[in-house]
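Residues per chain, in single letters:
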Amino acid sequence: MKALGENICPYCGVGCRLSFEGESDKVLRVRGVESAAANLGGICAKGAQLGPTIHTPDRLSRPQLRLGRRDDFRTVDWPTAIGYVREIFVNILNTYGPESVAFYGSGQLDTETVYLIGKLFKGHFGCNNTDSNSRLCMAAAVAGYRTSLGSDGPPTCYDDIDHADAIVIMGSNMAEAHPVTFDRVKASKSRRPEQQIIVIDPRRTATAVNADIYLPAAPGGDIALLNALGRMLLDLGAMDQAFVAAHTRGFDEYRAFLLEQNVNELCHVAAVAPEELYRVAKILQASKGFLSFYCMGLNQSTVGMWKNNSLINLHLLLGQIGKPGAGPFSLTGQPNAMGGREGGLLSHQLPGYRTVEDAGHRQYAEEFWGRSPGTISSKPGLTAVEMFRDLEKGKLKAIWIAGTNPAVSLPDLHQVRRALAKAQLVVVNEAYHPTETSRLADVILPSAQFGEKDWTSTNSERMIGYSPKLWPAPGEALPDWQIIARFAQSMGYKGFDYADAAQVWDEYIQMTAGRPCDMAGATAARLREVGSLQWPCPTADHPGSKRRYLDHKFATPDGRAIFLPRENKEPREVPDHEFPFVLTTGRLYAHWHTLTRTAKADKLVRREPGPFVEINPADAAKLELEADDLVQITSRRGTIQLPARLREGVSPGMIFVPFHWGDLFNEGNATNYLTISAIGRVAKQPELKFCAVSLEKVPQPRKRTMPLPMAAAQPVTIV
Ligand code: SF4
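We now turn to the structure provided with this report. Treat the numbers as computed from the prediction; the structure is a model and nothing was measured.

**Regarding helix H23 (residues 501-510)**
Next up, step 1: Counted residue by residue, H23 has seven buried out of 10 residues, so it is predominantly covered.
Next up, step 2: Taken residue by residue, H23 has Ala501, Ala502, Val504, Trp505, Glu507, Tyr508 and Ile509 as its buried positions.

Written out as structure tokens, the structure reads:
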């Protein structure tokens, strides 16, 4: 066995640097790199089990094309595939205009690819319809940071865990979704038992069982809880008057808003005992460092931005930001979700945390790309859910999907399937085939994945990480940036003839110079030497920045952070007599997203072989359900059947279903056939954490064999 080299893990946003060992291109062992700041040698089961996911029979090695959706795919060469896509794109663009096409990408895509997508679609087509599955997980965090602090991007770093006196984890099951970072929280706690870990979550998760204080808040009660906490802190006189006076604005309005609140009513809405919340307030008052972690539980909501604002309000009130051990820390779900935000993949963005609405930002990008004035549209493009709505309506004609599996991960999957069926052209860049989405495509383009290309990403703590190519990509698979560059060149566009990924990167970082996410000093050559650098890193001799806002100058025009009073709002679809239960969805330790990789790792599949529904035993008793009984779950959008797991840790009136398993596992039985596609007004993030469902015991449990989709997986029998 020999060392193959190091790469950033392709799964979650922790961004662990891993070392790969093996023989003749076969990865046999994966370990965490001890010198890597993100993981300090840590690794979780998903990272450790990457080996069996790399060279699998379903790896896509050559482009696939079919002329009709009922036809089989046939293998074609690159010029044929690119030429076909080009011909249809040109026809559609000429006939219907730039807003008739869209690109739906992913936090799996490296920054080089993200940058070229924006350059092509926004800078050349004049079409802002580029978005990403980050819209499903952190658009609300982006909007929260921007509105409260003036800029996206966390102020914090992982080292803050060791400096915090109190860590509040809200709406995040870190223990399963960001395990290596949570291991660090546990290690810190064991070194300093006085450190207080407070977990707020409707479900007693693996994270909650490690807490000093666990508040089982009602789903949808987050803003009420945060406002009640704000009022308690105000009444305790806990505010940092000097910080608030010198570095914030809007405090008087926030104070007046809190004084109008009835704490007992708020606690009732949030389903927490006022005495318990008061304990938390006292801990925060006494803490020199208050760090908060949050993720989908706050973000996947029609008021996700407001939830983010409400949490950040507490940090501002206490002056707990811009110093070690303090600040609001949004955890990112994917290896390069942050890079997508920095590079301008979301539909309102341009590279370097610029926006399409800003005339100066548009002008800068047009000049940088050598485009004529007015090329970039001032209208934000369609977001993830909106793209699929417009596809179904026929307004959008073509969609290019890369590194994501929306036929499992988007809400209201019946709608998603209708939308894809209506599209004139569906192009999918994928490393594997079939996925639930690739099998609905017209053209599938084989992507080189981690380890098979030079690529750059940014993790949750703003750490830019370079990963080198370690082994050959299968067959003719190409890095996504090369696929986009080849397509752009076929369209006749200049400025896409890059020699390598380093050249793309070095062009991109020039657009970040002077911006909040300044990485102009993190050149390709430097990253290839040192591996990782944390932005802001404005010059070639800058060491990178662990924390932001240490001078308490925020990214707003006047340098002050903004208090934003937010009222509690109900989720879009609340339980009623017909659909009396709340469905909440989430992730499991052993799996990642839509199983495209993790279903190939036998050890992970054995740990979590199939989907289930968690239900409180009291509710189960009312429905005469026993463990493993099959339950029919129905929402206004669909019906699925899953075996029951009885769990005290799930609040009565609520059920939990992991979202990982799609149609390849069991046709028509994915969780997101149930979820609602309601989106927030600003962040446009769908409310994947809350919809109303009814439950019914399936009368005669039948023995069902559900074949797992991939070669490595074994059939699972559910009785
Ligand atoms: Fe990969 Fe995340 Fe696990 Fe680290 S914690 S090994 S980044 S899945």
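**Quick word on the layout of surface pockets**
Next up, step 1: In this structure, the largest pocket occupies an estimated 340 Å³ of space.
Next up, step 2: Taken together, 20 residues line the largest pocket, and the ones lying closest to its centre are Ala218, Pro219, Gly221, Val269 and Phe690.
Next up, step 3: The residue inventory of the lining of the largest pocket, partitioned by class, reads 12 nonpolar, six polar and two charged.

**Remarks on empty space enclosed by the protein**
Next up, step 1: Scanning the entire structure with this criterion turns up six cavities of 30 Å³ or more.
Next up, step 2: Of the pockets and cavities examined, the second largest cavity occupies roughly 90 Å³.

**Some remarks on the pairing of strand E13 (residues 327-330)**
Next up, step 1: Along E13, one buried face is formed by Gly327 and Phe329 and the opposite face, lined by Pro328 and Ser330, is buried too.
Next up, step 2: Two elements, strand E12 (residues 290-294) and E13, share four bridges in a ladder whose sense is parallel. When the sheet's bridge partners are listed, Phe293 is paired in E13 with Phe329.

**What about the environment of Ala419?**
Next up, step 1: Note on placement: Ala419 falls in helix H21 (residues 413-422).
Next up, step 2: The spacing of Ala419 and Ser301 is 118 residues in sequence and 23 Å in space, taken between C-alpha atoms.

**Some details on the packing of aromatic side chains**
Next up, step 1: A full pass over the atoms with the stated rule returns 26 aromatic pairs.
Next up, step 2: Their ring planes at 90° and their centres at 6.3 Å tell us that Phe89 and Phe121 sit as a pair that is edge-to-face. Residue Phe89 is located in helix H3 (residues 78-96), and its partner Phe121 is located in helix H4 (residues 111-125); the two are separated by 32 residues in the primary sequence.
Next up, step 3: Residue Phe89 is classed as buried on the basis of its relative accessible area, which comes to 0%.
Next up, step 4: Plain terms: the ring middles of Tyr158 and Phe329 are 5.8 Å apart, the flat faces sit at 15° to each other, and that makes the pair stacked. On the criterion of sequence distance, the pair formed by Tyr158 in the loop between helix H6 (139-149) and helix H7 (160-163) and Phe329 in strand E13 is long-range, its members being 171 residues apart. Here Tyr158 and Phe329 have matching classes, each one buried.
Next up, step 5: Linked through ring pairs, Phe89, Phe103, Phe121, Phe125, Trp400, Phe487 and Tyr493 together constitute an aromatic cluster.
Next up, step 6: Over the ring of Phe496 we find Lys119, and its NZ or CZ is 5.0 Å from the ring centre.

**Brief notes about the pattern of salt bridges**
Next up, step 1: Taken as a whole and assessed by the stated rule, the structure comprises 39 salt bridges.
Next up, step 2: Glu99 serves as the salt-bridge partner of Lys379, at 3.0 Å between the closest nitrogen and oxygen. Pair noted here: Lys379 is in the loop between helix H18 (359-368) and helix H19 (384-393) and Glu99 is in the loop between H3 and strand E6 (101-105), with a separation of 280 residues, a long-range link.
Next up, step 3: Residue classification places Lys379 among the partly exposed positions, given a relative accessible area of 47%.
Next up, step 4: On the basis of relative accessibility, which here comes to 41%, the residue Glu99 falls in the partly exposed class.
Next up, step 5: Taking the shortest distance from any N to any O, the salt bridge between Asp619 and Lys622 comes out at 3.8 Å. On the criterion of helical spacing, the pair formed by Asp619 and Lys622 is a turn pair, its members being three residues apart in helix H26 (residues 617-622).
Next up, step 6: Residue Asp619 is classed as buried on the basis of its relative accessible area, which comes to 6%.
Next up, step 7: By relative accessible area, Lys622 is classed as exposed at 68%.
Next up, step 8: It is possible to trace a salt-bridge network through shared partners that takes in Asp159, Asp162, Arg184, Arg191 and Lys546.

**Description of the packing of helix H10 (residues 222-235) against helix H13 (residues 263-270)**
Next up, step 1: Remark: H10 packs on H13, axes separated minimally by 8 Å, with the N-to-C direction vectors making an angle of 150°. Between H10 and H13, the angle is such that the two are roughly antiparallel. Our pair here, H10 against H13, has a crossing hand that is left-handed. Taken together, the residues of H13 that come into contact with H10 (itself represented by Ala224, Leu225, Asn227, Ala228, Arg231 and Met232) are Val263, Leu266, Cys267, Val269 and Ala270.
Next up, step 2: Looking at side-chain class alone, the contact of H10 with H13 contains nine nonpolar, one polar and one charged residues.

The rules behind each value
- Residues numbered from 1 in each chain as written.
- Predicted model: local features only at pLDDT ≥ 70, side-chain atom pairs only at ≥ 80, totals over all residues.
- Heavy atoms only, no water.
- Buried < 20%, exposed > 50% of the residue type's maximum accessible area, 1.4 Å probe, protein only.
- Helix = DSSP H or I, 4+ residues; strand = E, 2+ residues; numbered from the N terminus.
- 1 Å grid on protein atoms, 1.4 Å probe; cavity = no way out; pocket = protein on both sides within 12 Å on 5 of 7 lines; lining within 4 Å.
- Points joined across faces, edges and corners; volume = space filled by probe spheres on them.
- Nonpolar A, V, L, I, M, F, W, Y, C, P; charged D, E, K, R; others polar.
- Pairing = 2+ DSSP bridges.
- Phe/Tyr/Trp six-rings, centres within 6.5 Å; stacked < 30°, edge-to-face > 60°.
- Lys NZ or Arg CZ within 6 Å of the ring centre and 35° of its normal.
- Salt bridge = Lys/Arg side-chain N within 4 Å of Asp/Glu carboxyl O.
- Axes fitted to C-alpha atoms, helices over the stretch in contact; angles between N-to-C directions.
- Parallel < 35°, antiparallel > 145°, perpendicular 65-115°, else oblique.
- Left-handed = near helix turned anticlockwise from the far one by under 90°.
- Contact = heavy atoms within 4.5 Å.

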